[in-house]
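A look at the structure
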Amino acid sequence: DHLDEVRRLLVFEPRGHADMYGAFVTPPNDADADLGVVFFHNEGYSTACGHGTIALVTWALESGRLPIAGPETRVVVDVPSGRLECVARVDGERVRSVRFRNVPSFVLARSVGVETAAFGRLALDVAFGGAFYGSLDARSIGLDVSKASLPALIALERELRPALEAAVDVVHPREPELNGVYGVIFWQDETPTPGFALTQRNVTVFADGEVDRSPCGSGTSARLALLHAEGLLAAGERLRHVGIVETAFEGGIVEETILAGGPAVITEVEGAASLTGRHEFVLEPDDPVGTGFLLR
């Protein structure tokens, strides 16, 4: 309501780009949490972001915003989808990784049929992991999770997202403000990694054709819910989830539960973030492009 011009200034060119992601840090909802956050992107705001949470906790501890309290430091973060219990693995003053226990994740719909211009009729699963995602095996349509396939995957996401929303009532059963398809996860199976029950590669395309460089934290939780429902991943087993730039998250199911009368799972996702810089952005009063522009 009050800071959307700041979102545009940071996300749009020339300061950002079409795939830029950000977070407004806020006070927590109450004294039982340490931080609050509202995530933003090229189209607006999102209800959850796993990689953003990992980066936020890393920043908060390494910058001194929050105190480091030992080799495993607990941080509680309020995000729009709920409250996340996080644990940072700390080595001295460096945060080596952050794991978070997510809100309940669940499968909303299986094999939802939608028509596409380039690939005909496709069937996607829809699951919630803090936000709602469609899920499609990239190899089932002759593509893969690679840089070469990205233009086709971006174009397809722009078709699939509204088609899924037209085909399914995409609303959280307890929190109706959590609604709509946030993005589409294009995935493929990979050779299993020792120590993991499954290894998959994915790229999540969300908002207005925005590409997640990370393996997508909330998307990992959505995939975990689907894999569990398919009988491919049991509670206690681990998924290695590799992103398009070869970084990886580890995810697992720590508990089975019930949400609004239906099956759900509690997941944990772990990954790492690194500081890339500290920046000062300026908007001069006579800048002809103002808060910026997007060309894609």
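These remarks concern the structure in this document.

What counts, and where the lines are drawn
Residues numbered from 1 in each chain as written. Predicted model: local features only at pLDDT ≥ 70, side-chain atom pairs only at ≥ 80, totals over all residues. Heavy atoms only, no water. Phe/Tyr/Trp six-rings, centres within 6.5 Å; stacked < 30°, edge-to-face > 60°. Helix = DSSP H or I, 4+ residues; strand = E, 2+ residues; numbered from the N terminus. Buried < 20%, exposed > 50% of the residue type's maximum accessible area, 1.4 Å probe, protein only. Lys NZ or Arg CZ within 6 Å of the ring centre and 35° of its normal. Core = buried A, V, L, I, M, F, W, Y, C linked by side-chain atoms within 4.5 Å. Contact = heavy atoms within 4.5 Å. Pairing = 2+ DSSP bridges. Right-handed = clockwise from strand over helix to strand, strands pointing away. Salt bridge = Lys/Arg side-chain N within 4 Å of Asp/Glu carboxyl O. 1 Å grid on protein atoms, 1.4 Å probe; cavity = no way out; pocket = protein on both sides within 12 Å on 5 of 7 lines; lining within 4 Å. Points joined across faces, edges and corners; volume = space filled by probe spheres on them. Nonpolar A, V, L, I, M, F, W, Y, C, P; charged D, E, K, R; others polar.

As for the packing of aromatic side chains
Under the defined criterion, the tally for this structure stands at eight aromatic pairs. An angle of 80° between the planes, with centres 6.0 Å apart, marks the rings of F106 and F132 as edge-to-face. Residue F106 is found in strand β7 (residues 106-116), and its partner F132 is found in strand β9 (residues 132-137); the two are separated by 26 residues along the sequence. On the basis of relative accessible area, F106 is assigned to the buried category, the value being 7%. F132 sits in the buried class, given a relative accessible area of 2%. On the basis of an interplanar angle of 55° and a centroid distance of 4.8 Å, the ring pair of F128 and F132 is categorised as tilted. Of the aromatic side chains, those joined through ring pairs into one cluster are Y21, F39, Y133, Y182 and F206. Here R7 stacks its cationic end above the ring of Y45, 5.8 Å away from the centre of that ring. Across from the ring centre of W187, 4.4 Å away, lies the NZ or CZ of R223, which sits over that ring.

Description of the nonpolar core
The tendency in soluble globular proteins is for nonpolar side chains to be buried as a group. Counting residues in hydrophobic clusters, the biggest one holds 67 residues, and the most contacted among them are V57, V77, L124, L160, F186 and V203. Looking at this core, the element that brings in the most residues is helix α3 (residues 150-167), giving six residues. The contact partners of V203, leaving out residues within four places of it in the chain, are V145, L150, L153, V184, I185, F186, V211, D212 and I244. Core analysis: the second largest hydrophobic core is formed by eight residues, L198, A225, L227 and I253 among them.

Focus: the pairing of strand β10 (residues 181-189)
Counting buried residues along β10, eight of its nine residues qualify, which places the element largely inside the surrounding structure. Pairing of β9 with β10 involves six bridges; the strand directions are parallel. Within β10, the residue paired with G134 across the bridge is V184. As a crossover connection, the stretch from β9 through α3 into β10 is right-handed. Alignment of β10 against strand β11 (residues 198-206), held across seven bridges, turns out to be antiparallel. Note on β11: the bridge partner recorded for F186 is V203.

Concerning the pattern of salt bridges
Oppositely charged side chains may form a pair once their charged atoms are brought near each other. On inspection of all chains with the given rule, the structure shows 24 salt bridges. Put simply, D19 and R296 hold a salt bridge, and the shortest N to O gap is 2.5 Å. In this pair, D19 is assigned in the loop between α1 (4-11) and β1 (22-26) and R296 in the segment after β15 (262-271), connecting sequence segments 277 residues apart. Several salt bridges share partner residues, and in doing so they unite E72, R89, R99 and E270 into one network.

Some points on the environment of L150
With respect to the helices and strands, L150 occurs in helix α3. Once you skip the residues sitting within four places of it in the chain, L150 turns out to touch V203, V211 and I244.

What about unusual backbone geometry?
Residue P14 is reached from E13 by a cis peptide bond, and omega for that bond is 10°. Relative to the helices and strands, P14 is located in the loop between α1 and β1. The phi torsion at A207 lies on the positive side, around 50°, for a residue other than glycine. Following the sequence through the fold, A207 ends up in the loop between β11 and β12 (210-211).

Section: empty space enclosed by the protein
Scanning the model with the defined rule gives two cavities of 30 Å³ or more in all. In this structure, the largest cavity encloses a volume near 60 Å³. As for the largest cavity, its lining consists of 13 residues, and the residues nearest its centre are H51, Y133, Y182, D212 and C216. Counting only elements with at least two residues in the lining of the largest cavity, the list comes to α2 (50-62), β11 and α4 (217-229). Of the residues assigned to the lining of the largest cavity, the class counts are seven nonpolar, five polar and one charged. By volume, the second largest cavity is sized at about 50 Å³. The residue makeup of the lining of the second largest cavity, split by class, is five nonpolar, six polar and no charged.

A few points about the layout of surface pockets
Of the pockets and cavities examined, the largest pocket occupies roughly 1,600 Å³. Forming the boundary of the largest pocket are 40 residues, of which Y21, G22, A55, S274 and T276 lie nearest the centre. At the level of secondary structure, the elements contributing two or more residues to the lining of the largest pocket comprise β1, β2 (35-40), α2, β12 and β14 (248-259). For the lining of the largest pocket, the element with the highest residue contribution is α2, accounting for eight residues. Each residue belonging to the lining of the largest pocket can be placed in one class, and the counts come to 21 nonpolar, twelve polar and seven charged. Taken as a whole, the second largest pocket encloses approximately 180 Å³ of empty space. Residue lining of the second largest pocket: 16 residues in total, with Y45, T47, N179, G180 and Y182 positioned closest to the centre. Its residues assigned to classes, the lining of the second largest pocket shows eight nonpolar, five polar and three charged.

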